[in-house]
Amino acid sequence: MKAAARAFWLRSPGEGEIRETTLAAPGADEVLVRSLYSGVSRGTETLVFRGGVPESQHAAMRAPFQEGDFPAPVKYGYLSVGLVEEGPAALKGRTVFCLYPHQTRYVVPASAVTVVPDDVPARRAVLAGTVETAVNALWDAAPLVGDRIAVVGGGMVGSSVAALLARFPGVRVQLVDADPARAKTAEALGVGFASPEDALGDCDLVVHASATEQGLARSLELLSAEGTVVELSWYGDRRVSLPLGEAFHSRRLVIRSSQVGTVSPARGNRSYGDRLALALKLLADRALDALITGESAFEELPEVMPKLARGEIPALCHLVSYGKSA
């Protein structure tokens, strides 16, 4: 029997709508998931909403269960938590995370869902995709005991990185952001906070996640000699200029990219599933609730997404609640 569902689509850049869809009955190795929550990643998703994905990156930026193509119409998203209503006995009735767009119900292969640990609330589990990015970044960065570290950019990804670094022994971690309101986030995560002009320098490592030219330039300034900036920002179709004259060469500074699309070569023995399972395990930490900064009903997404894209709703992760929508 086919089931009805509703999904959020980007109709055209800056305009969204909810569309009806029909689901086929799940096969032997598939699950039917009823959504409980999904999360809006304010950086990537609002860039997609504005139509800012460069043509050269259309293939690289596709989400696992995306429908349509950039710039629009497209069904996009990747932070979904739901309840398995039909499927293999080991999964039926379990709460799971899936890299799926905003939709009330969906059918996917059983291998596409990861069981949420019992000690992780469903609403916090939407952060798994972002914490997974932070895990991969730290595998790339390989921080050491006692390192002096700055995380420049207190958005969803930067704050996730700072939260994980707070667990490292002996490190000095400072979250750096131009928005003084991020100080409360830093306090909740157990790390220091500073504005860009007041940030502590002489860093062994800087993780940059502000997605601004100024933030990346400041990240280089905060390094000690032979220090490294790990670049997590996604700039879309924007070009970035950097001060690579001055002392960049004499101080032997390093800029390296990190991206969640591939598992860090430093952990070549780990799979995508291993990385996501680790991210969900780390979400047992209640401090990470500080990254969820707003909530709206699924039906409100066509009105909420433009406000998120324009910055009218200040958010790290904006939670979408399905309630009776499913």
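Everything numeric in this text was worked out from a predicted model, so none of it was measured.

A. Spotlight on helix 7 (residues 272-282). For helix 7, the set of buried residues is Arg275, Leu276, Ala279, Leu280 and Leu282. Projection of helix 7 onto a plane perpendicular to its axis shows the buried side chains occupying an angular sector of 160 degrees, all on one side. Each element contacted by the buried residues of helix 7 is listed here: strand 7 (95-98), strand 9 (113-115), helix 2 (122-125), helix 3 (128-141) and helix 4 (156-165). The residue sitting at the N-terminus of helix 7 and contributing the capping side-chain oxygen is Ser271; that oxygen lies 3.3 Å from the backbone nitrogen of Gly273.

B. Structural detail: the sheet that holds strand 15 (residues 254-257). With parallel pairing, the six strands of this open sheet are ordered in space as 12-11-10-13-14-15. Two strands close off the open sheet at either side, each with one partner strand: strand 12 (192-194) and strand 15. Between one strand axis and the next, the sheet turns through 25 degrees on average, direction left out of account. Examined bridge by bridge, strand 11 (residues 172-176) and strand 12 share three bridges and lie parallel to one another. Bridge assignment links Gln174 to a residue of strand 12, and that residue is Gly192. Packing of helix 5 (residues 182-189) onto the sheet brings it into contact with strand 11 and strand 12, and relative to strand 12 it is tilted by some 165 degrees.

C. View of the environment of Glu312. In this fold, Glu312 is placed in the loop between helix 8 (301-310) and strand 17 (317-321). Separated by 146 residues in sequence, Glu312 and Ala166 place their C-alpha atoms 30 Å apart. There is a polar contact of 2.6 Å between the side chain of Glu312 and the side chain of Arg310.

D. Broad picture of the packing of aromatic side chains. Taken as a whole, this structure holds five aromatic pairs when the rule is applied. A centroid spacing of 6.0 Å and a plane angle of 85 degrees characterise the contact between Tyr76 and Tyr78, whose relative ring orientation is edge-to-face. Tyr78 carries the same exposure label as Tyr76, and that label is buried. A centroid spacing of 5.1 Å and a plane angle of 25 degrees characterise the contact between Phe298 and Tyr322, whose relative ring orientation is stacked. Of this pair, Phe298 sits in the loop between strand 16 (292-297) and helix 8 while Tyr322 sits in the segment after strand 17, and the two are 24 residues apart along the sequence. Ring pairs connect the aromatic residues Phe65, Tyr100 and Tyr106, which therefore count as one cluster.

E. Structural detail: helix 1 (residues 42-49). Residues of helix 1 that are buried include every one of Glu45, Thr46, Leu47, Val48 and Phe49, and no others. Packed against the buried residues of helix 1 are strand 1 (3-12), strand 2 (15-23), strand 3 (30-41) and helix 8. Backbone geometry just downstream of helix 1 places Gly51 in the positive-phi region, at approximately 80 degrees.

F. Representation of the packing of helix 3 against helix 4 within the structure. Helix 4 packs onto helix 3 with a crossing angle of 60 degrees between their chain directions and a minimal axis gap of 8 Å. In terms of axis orientation, helix 3 runs oblique to helix 4. In this structure, the crossing between helix 3 and helix 4 has a hand that is right-handed. Along its contact with helix 3, which presents Thr130, Val131, Thr133, Ala134, Val135 and Leu138, the element helix 4 presents Met156, Val157, Ser160, Val161, Leu164 and Leu165.

G. Main features of the pairing of strand 6 (residues 80-86). Pairing of strand 3 with strand 6, which is carried by six bridges, proceeds in the antiparallel orientation. By the bridge assignment, Ser35 is partnered in strand 6 with Gly82. As judged from the four bridges shared by strand 6 and strand 7, these two strands associate in the antiparallel manner. Its bridge partner lying in strand 7, Leu83 is registered against Thr95.

H. Just unusual backbone geometry, in detail. Geometrically, the link from Phe70 to Pro71 is a cis peptide bond, its omega value of 5 degrees lying close to zero. Following the sequence through the fold, Pro71 ends up in the loop between strand 4 (67-68) and strand 5 (74-75). Each neighbour pair has its own omega, and for Ala72 with Pro73 the value is -5 degrees, a cis peptide bond. By the secondary structure assignment, Pro73 is in the loop between strand 4 and strand 5.

What counts, and at which threshold
Residues numbered from 1 in each chain as written. Predicted model: local features only at pLDDT ≥ 70, side-chain atom pairs only at ≥ 80, totals over all residues. Heavy atoms only, no water. Buried < 20%, exposed > 50% of the residue type's maximum accessible area, 1.4 Å probe, protein only. Helix = DSSP H or I, 4+ residues; strand = E, 2+ residues; numbered from the N terminus. Arc of directions from axis to C-beta. Contact = heavy atoms within 4.5 Å. Polar contact = N/O pair within 3.5 Å; in protein donor to acceptor, adjacent residues only side chain to side chain. Pairing = 2+ DSSP bridges. Axes fitted to C-alpha atoms, helices over the stretch in contact; angles between N-to-C directions. Phe/Tyr/Trp six-rings, centres within 6.5 Å; stacked < 30°, edge-to-face > 60°. Parallel < 35°, antiparallel > 145°, perpendicular 65-115°, else oblique. Left-handed = near helix turned anticlockwise from the far one by under 90°.

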